[in-house]
Amino acid sequence: MAQAFFDSDADLSVLAGRTVGILGYGNQGRSQALNLRDSGVAVIVGNQRDASFERAVADGFAAYDLSEAAARADILALLIPDEVMPEIFAEQIRPHLADGVMLILASGYNLYYRSIDLPPMADVAMIAPRMIGTGVRETYLSGEGFPSLLSVEQDHTGQALPLALAYARGIGSTRAGVFLSSAEEETVCDLFNEHFGYVYALRRAYEVLTEAGYSPEAVLLEFYASGEEMELARAHAYMGLFHQLVLHSQTSQYGQLVTGKPAPDYDAAEKARLRALIDNIRDGRFAREWKQERESGLPAFLRAQQEALSHPMIAEERRLFEALKRRQGDPSALFPDAE
Ligand code: NDP
């Protein structure tokens, strides 16, 4: 198994006298900043001057423009979206970096595709949370923590690993476990998970069941709208994918294990499709396509979004959600501030 690090492997005191600059006060940035501060770390925030900047100030942080925060901090967490990071890094961050600064990225994307020009006089590490931003804060507050993948990409000072582990401890990740990985591994696994077609698989099931005459409510409640999936996801994570089957009836277990088992030819075809997804990520085709898509004004993205949101399933979902007193598309009930 990959080497794993826990609280006992991480010494927070190596951060004493150092300032952490959180660049980007968004999903990850806000949660990581609050966690680090609660762990006793000196934190400043860098953000463009907008509502997120004001939020950082309201949360009690000293907030600066990105370039000024980059110049002031000893450790910089680059918590801006991967797709805008290369340009922002080149223009607003890199010119202000001091010798010996540490850069921490929360994803392998720009490291694997070498789309940011890393200064040789910097330590560089990836600490990629396997947790959405709200969960980073919630699991810190609950004491549970969340797992991350770690890699040291450059060790200019010879201190990159202890500093990265201290940072990981400060955000609450070594409580759960920080696993040694690589930018490539993080990128391929993360993108693959996004590309293999989960939302369309659920919609396909919806289509065939409603075409067969079953009510949208029954189908949506069966597949995801009841919230049962949240309990199942917890069971997957805490008991194990196949061990959690004991929570289901024996009829269900038989259906999942025997009836649902793919035939060898289907399995082989599906594996071939999935291997092609890996190739598409590894050889850079996905990254090039996505870059070109953004440069062209997101035509395929907006078309797919429009098609998805105008599918009849979405109107049925809205009706069901109204009956359940939920507001479709509204995250506020689900993710109130994790404070
Ligand atoms: P967000 O989408 O929440 O954005 C973060 C910040 O980036 C915001 O404060 C935003 O500022 C700023 N930003 C966006 N565009 C620009 C721009 N053009 N110029 C300047 N600032 C900009 O990012 P995430 O927190 O989701 O992601 C940050 C990193 O964390 C990424 O590397 C991502 O891969 C990684 N990650 C994210 C996870 C997640 O669950 N979201 C999970 C694990 C890793 P403003 O609000 O002012 O617009």
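Residues numbered from 1 in each chain as written. Predicted model: local features only at pLDDT ≥ 70, side-chain atom pairs only at ≥ 80, totals over all residues. Heavy atoms only, no water.

1. Description of the overall build of the protein
In plain terms, the rule: In DSSP terms, a helix is any run of H or I states spanning at least four residues, a strand is any run of E spanning at least two, and both are numbered starting from the N terminus. As a reference, a globule follows 2.2 Å times the number of residues to the power 0.38, and the radius of gyration itself is taken over C-alpha atoms. When a residue's accessible area, from a 1.4 Å probe over protein chains only, is under 20% of the maximum for its type it is buried; when over 50% it is exposed; and in between it is partly exposed. Only heavy atoms enter the contact rule, under which two residues are in contact if any of them lie within 4.5 Å. Areas reported here follow the Shrake-Rupley algorithm with a probe of radius 1.4 Å; residue values treat only the protein chains shown as occluding.
Looking only at helices and strands, one finds 16 helices and nine strands in the protein. The C-alpha atoms of the protein give a radius of gyration of 22 Å, which matches the 20 Å a tight globule of 339 residues would have. Along the longest, intermediate and shortest principal axes, the C-alpha atoms of the protein span 65 × 45 × 45 Å. Across the 339 residues that make up the protein, the buried fraction comes to 38%. Sequence separation of 24 or more characterises 65% of the internal contacts of the protein that already satisfy a separation of 6 or more. Total accessible area computed for the protein in this model is approximately 18,700 Å², and 55% of it derives from carbon and sulfur atoms.

2. So, the layout of surface pockets
Applicable threshold: As defined here, a cavity is a set of points on a 1 Å grid over the protein atoms alone where a 1.4 Å probe fits but cannot get out. A pocket is an open set with protein on both sides within 12 Å along at least five of seven lines, and residues line them when an atom is within 4 Å of a point. Grid points are joined across faces, edges and corners, and a volume is the space filled by probe spheres set on the points. Under the grouping applied here, Gly and all other residues not named as nonpolar or charged are polar, the nonpolar ones being Ala, Val, Leu, Ile, Met, Phe, Trp, Tyr, Cys and Pro and the charged ones Asp, Glu, Lys and Arg.
A volume near 1,500 Å³ is recorded for the second largest pocket. As for the second largest pocket, its lining consists of 30 residues, of which Phe196, Tyr198, Leu241, Gln256 and Gly260 are closest to the centre. Contributing elements (two or more residues each) for the lining of the second largest pocket: helix H9 (198-211), helix H10 (216-225), helix H11 (228-239), helix H12 (250-259) and helix H13 (264-282). For the lining of the second largest pocket, the element with the highest residue contribution is H9, accounting for six residues. A class-by-class count of the residues in the lining of the second largest pocket yields 15 nonpolar, eight polar and seven charged.

3. Observations regarding the site of the ligand
Here is the rule we go by: Think of it this way: one heavy atom of a residue within 4 Å of a molecule or strand is enough to make that residue near it. Identification of polar contacts relies on pairs of N or O atoms within 3.5 Å, with a donor-acceptor requirement for protein atoms, meaning one able to donate a hydrogen and the other able to accept it, and with residues adjacent in sequence counted only if both atoms are side-chain atoms.
The environment of the ligand is made up of 21 residues, and the closest members are Asn27, Asn47, Asp50, Ser52 and Asp82. In the model, an oxygen atom of the ligand is placed 3.0 Å from a nitrogen or oxygen of the tyrosine 25 main chain. Here serine 52 contributes a side-chain N or O atom positioned 2.4 Å from an oxygen atom of the ligand. Contact with the protein chains removes 74% of the 890 Å² of surface that the ligand exposes when unbound. Looking at the shell around the ligand residue by residue, the class counts come to 10 nonpolar, nine polar and two charged.

4. A closer look at the packing of helix H8 (residues 183-195) against H13
Condition: Every angle, taken between N-to-C directions, lies between 0 and 180 degrees, and every axis is a line fitted to C-alpha atoms, over only the stretch in contact when it is a helix. Working rule for angles: under 35 degrees goes down as roughly parallel, over 145 as roughly antiparallel, 65 to 115 as roughly perpendicular, anything else as oblique. The hand of a helix crossing depends on one turn: near helix anticlockwise from the far one by less than a right angle means left-handed, and clockwise means right-handed.
H13 packs onto H8 with a crossing angle of 130° between their chain directions and a minimal axis gap of 10 Å. As the angle between them shows, H8 and H13 are arranged oblique. Between H8 and H13 the crossing geometry is right-handed. Residue-level inspection shows Glu184, Val188, Leu191, Phe192 and His195 of H8 in contact with H13, the latter providing Leu274, Leu277, Ile278, Ile281 and Arg282. Looking at side-chain class alone, the contact of H8 with H13 contains seven nonpolar, one polar and two charged residues.

5. Observations regarding the packing of helix H1 (residues 27-38) against helix H6 (residues 133-142)
Helix-helix packing: each pair is described by the crossing angle between the helix axes and the interaxial distance. With their axes 7 Å apart at the nearest point, H1 and H6 run at an angle of 20° to one another. Judged on the interaxial angle alone, H6 and H1 are roughly parallel. In the packing of H1 onto H6, the handedness of the crossing is left-handed. Contacts between H1 and H6 involve Asn27, Gln28, Ser31, Gln32, Leu34, Asn35 and Asp38 on the former and, on the latter, Gly133, Thr134, Val136, Arg137 and Tyr140.

6. Focus on the domain arrangement of the protein
Heads up, the rule is: Either an automatic procedure or a domain database provided the assignment from which the domain bounds are taken. Buried surface area refers to the total accessible area, computed with a probe of radius 1.4 Å, that the two partners give up upon joining, counted for both partners together. Any Lys or Arg side-chain nitrogen located within 4 Å of an Asp or Glu carboxyl oxygen qualifies as a salt bridge.
As assigned here, the protein comprises domain 1 (4-181) and domain 2 (191-333). On a C-alpha basis, the centroid separation for the pair domain 1 and domain 2 is 31 Å. The interface of domain 1 with domain 2 comprises five residues on the first partner and nine residues on the second. Between domain 1 and domain 2, the buried area comes to about 580 Å², and carbon and sulfur atoms account for 49% of it. Of all residues in domain 1, Glu83, Tyr109 and Tyr113 give up the largest surface area on contact with domain 2, accounting jointly for 74% of the area buried on that side. Taken together, the connections running from domain 1 to domain 2 amount to zero salt bridges. Along the contact surface separating domain 1 from domain 2 lie four residue pairs in polar contact (both at pLDDT 80 or more).

7. Describing the packing of aromatic side chains
So the rule is basically this: A pair of Phe, Tyr and Trp rings is counted when the ring centres sit within 6.5 Å of each other, with Trp represented by its six-membered ring. The angle between the planes then sorts it: under 30 degrees is stacked, over 60 is edge-to-face, the rest tilted. Only Lys NZ and Arg CZ are tested; either one counts as a charge over a ring when it is within 6 Å of the ring centre and within 35 degrees of the ring normal.
On inspection of all chains with the given rule, the structure shows five aromatic pairs. Between tyrosine 109 and tyrosine 113, the aromatic rings sit 5.1 Å apart at their centres with planes inclined by 70°, giving edge-to-face as the arrangement. Judged by relative accessible area, which is 12%, tyrosine 109 ranks as buried. On the basis of relative accessible area, tyrosine 113 is assigned to the buried category, the value being 19%. Each ring, one from tryptophan 290 and one from phenylalanine 301, has its centre 6.4 Å from the other, and the planes form 40°; the classification is tilted. Of this pair, tryptophan 290 sits in helix H14 (residues 285-295) while phenylalanine 301 is found in helix H15 (residues 299-309), placing the two residues 11 residues apart along the sequence. The class for tryptophan 290 is partly exposed, based on a relative accessible area of 21%. One aromatic cluster in this structure is built from Tyr109, Tyr112 and Tyr113. Taking NZ or CZ as reference, arginine 175 lies 4.4 Å from the ring centre of tyrosine 140, over its face. Of note, arginine 326 hangs over the ring of phenylalanine 321, and the distance from its end group to the ring centre comes to 5.6 Å.

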